[in-house]
Each structure stands twice: as structure tokens, then as C-alpha cells.
Amino acid sequence: MNLARFLAQVWQRHRWSVPLSLGAAIFFVRLASEVNEHELDAFDSSVQQWVDGVRGPGDALMIFMTDAGSVLPMLCLTLIALILLLAARRRREVRFLLVSALGCLALNVLLKSLFHRARPGAELPYLLARPTSWSFPSGHTMGAVGVVGSLVVIVRVLRPARVVWVPSAVLGSAWIVGVALSRVYLGAHYPSDVLGGLFAAFAWLSAVTGWAYPRLLPHERTTAEPH
């Protein structure tokens, strides 16, 4: 098989997932470069100053959302989903969830160790104990995308009725966005940390989804199902 034919088959099979994954990865690299060169300091500072001025009414909701994106809830949600999928003999979905969620975790650990970005400010975060890990990219955000985003994909793969699929997608998206916003609201992350987490996790999730379910996205097709 020559290279041109191979690339044509890859494009046919992953016409949406490859561009989505590469696009998110490129945005992440550009963002990470600007973070590393302190070009986003003014942006982060201005957003955080605005957030400081609106704190108060949303405290309870933001604490709830940041707790919902913590390790224990994400682990419990993953274990429950794995048990249900194993009981239903959905082994491909089990593999997909493990690869997607654990991949996001490993990627976050790797990226944090590469960038070594300190947490915002010298003062304690708002209503939180100071996190001890590095700041970029946001682990809560990447974890929410890796777990909740994967479950949304699995719900779509199972092809339930629209009345189930649409609310699941909306709820999952709201969960991810809520967790991301809560990290900025509570002062645990810079806005660019959260954006970096979204781009990095989405790049991974898109790649894994495209490989595991090449006919899930529009205009993608294959003659053989992956095993």
C-alpha cells in the first residue's frame, strides 16, 4: 500500500475526528507557547479581576461544581459506568472509557510536569485550600472531559431515543463547562489553564473517539469495524 492510498483511507475513515483532534492540539500548542512566554498574563489578570467582582451569589454552585470534578466523584462515576458496561457486555465501550479517561489523566500529569506553572497569586484561593500541584493545564477540566465527555460519547454509541441522547449531551456539556468555570471562579486556576485543559483533553477525546467509533461522526465511514 502506497502512502497516498493509506492517507486517503485514513482521511475517509476519520474525516471529522482527525481535523477536530489536530485543531484542538494546535490551539493547545499555541496557547501553551503564549503561556510559557507570559503573553497571556494580561488576559488572565483582567478576567480574574472581573471574576473577583462577581463572587458571592454563585459561591455554593461553584463549590458544588468543583467538587463534582474532583478525583473521588470522577472515580466513582467511572467505576459505576464500567460495572454497568461490563454487565451489558459492552467490552468496546469499556476499553474506550478506560483509554479516554486514563489517557487524559496521564496527559495532564505529563503536561503539568513539563510547564511547571505556579498557581494564581500568593494568597489562598477563594473558599478552597491551596492546591499543591502545578497549574497548567487544569486537571479538573481535563478529568471532566475525559470521564463525562467519554460517557456522552458512549450514550451516543448506544443510540438511545433522542429524548435520552439530547438531555445527556446537554447535561454532560454543562457539567464540563461548570467544572471549568468553577476553577477560575474559586481562584484555583488562571483562565488560560482551563482553556489549555479543554483543548488538550478534547484533542485526546476526539482522537480516541475517531479511532474507536469511526462511523459515529458525520461523513466518516469504514469497511471494517475496529477490534
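Thresholds, definitions, all that
- Residues numbered from 1 in each chain as written.
- Predicted model: local features only at pLDDT ≥ 70, side-chain atom pairs only at ≥ 80, totals over all residues.
- Heavy atoms only, no water.
- Core = buried A, V, L, I, M, F, W, Y, C linked by side-chain atoms within 4.5 Å.
- Buried < 20%, exposed > 50% of the residue type's maximum accessible area, 1.4 Å probe, protein only.
- Helix = DSSP H or I, 4+ residues; strand = E, 2+ residues; numbered from the N terminus.
- Salt bridge = Lys/Arg side-chain N within 4 Å of Asp/Glu carboxyl O.
- Contact = heavy atoms within 4.5 Å.
- Expected span 1.5 Å × (residues − 1).
- Arc of directions from axis to C-beta.
- pLDDT = per-residue confidence, 0-100.
- Polar contact = N/O pair within 3.5 Å; in protein donor to acceptor, adjacent residues only side chain to side chain.
- Phe/Tyr/Trp six-rings, centres within 6.5 Å; stacked < 30°, edge-to-face > 60°.

## Let's talk about the nonpolar core
By size, the foremost hydrophobic cluster in this structure holds 42 residues, and its most contacted members are Phe 96, Leu 97 and Tyr 213. Secondary-structure elements contributing two or more residues to this core are helix 2 (17–36), helix 4 (59–68), helix 5 (71–87), helix 6 (91–115), helix 7 (139–157), helix 8 (162–185) and helix 9 (191–212).

## A closer look at the pattern of salt bridges
Under the defined criterion, the tally for this structure stands at five salt bridges. Between Arg 30 and Glu 34 there is a salt bridge, with the nearest N and O atoms lying 3.0 Å from each other. Note that Arg 30 and Glu 34 are positioned in helix 2 at a spacing of four residues, about one turn of the helix. Arg 30 gets classed as exposed once you look at its relative accessible area, which sits at 56%. Among the residues examined, Glu 34 registers a relative accessible area of 17% and is labelled buried. Between Arg 55 and Asp 52 there is a salt bridge; the shortest N-O distance is 3.0 Å. Among the charged side chains, a salt-bridge network with shared partners connects Asp 44, Arg 117 and Asp 193.

## Observations regarding helix 4
When we look at burial in helix 4, the residues that qualify are Asp 59, Met 62, Met 65, Thr 66 and Ala 68. Here the buried face of helix 4 lies against helix 5, helix 7 and helix 8.

## A few points about helix 5
When the terminal C-alpha atoms of helix 5 are compared, their 24 Å separation across 17 residues agrees well with the 24 Å that a helix rising 1.5 Å per residue should span. Those residues of helix 5 that fall on the buried side of the exposure criterion are Met 74, Thr 78, Ala 81, Leu 82 and Leu 85. Taken end-on, helix 5 shows its buried residues confined to a sector of 105°, consistent with a single buried face. Opposite the buried face of helix 5, at more than 90 degrees from it, the exposed residues are Leu 72, Ile 83, Leu 84 and Ala 87. In this structure, the buried side of helix 5 is in contact with helix 4, helix 6, helix 7 and helix 8.

## Quick word on unusual backbone geometry
Negative phi is the rule for most residues except glycine; trans is the rule for most peptide bonds. Each neighbour pair has its own omega, and for Phe 136 with Pro 137 the value is -10°, a cis peptide bond. Secondary-structure assignment places Pro 137 in the loop between helix 6 and helix 7. Here Arg 89, not a glycine, exhibits a phi torsion of approximately 60°, which is positive. For Arg 89, the position within the fold is in the loop between helix 5 and helix 6. We classify Arg 89 as exposed; its relative accessible area is 69%. Even without glycine at this site, His 116 takes up a positive phi of about 50°. Mapped onto the fold, His 116 is located in the loop between helix 6 and helix 7.

## Thoughts on the confidence of the model for the protein chain
Chain-level pLDDT for the protein chain is 87 on average; 89% of the residues reach the 70-or-more range. Counted against residues more than four places away or in other chains, residues 222–227, with its pLDDT under 50, gives eleven contacts.

## Quick word on the side chain of His 140
Positionally, His 140 belongs in helix 7. Using a relative accessible area of 18% as the deciding quantity, one classes His 140 as buried. Among the polar contacts listed, one links the side chain of His 140 to the backbone oxygen of Thr 66, at a separation of 3.4 Å. Aside from chain neighbours lying at most four places away, what touches His 140 is Thr 66, Gly 69, Ser 70, Val 179 and Arg 183.

## Here's the deal with the packing of aromatic side chains
Under the definition given, this model contains five aromatic pairs. Here the aromatic rings of Phe 115 and Phe 136 are separated by 5.0 Å at their centres, their planes lie at 80°, and the arrangement is edge-to-face. Taken together, the residues span a long stretch of sequence, with Phe 115 in helix 6 and Phe 136 in the loop between helix 6 and helix 7 at a distance of 21 residues. Pairwise contacts between aromatic rings join Phe 28, Phe 115 and Phe 136 into one cluster.

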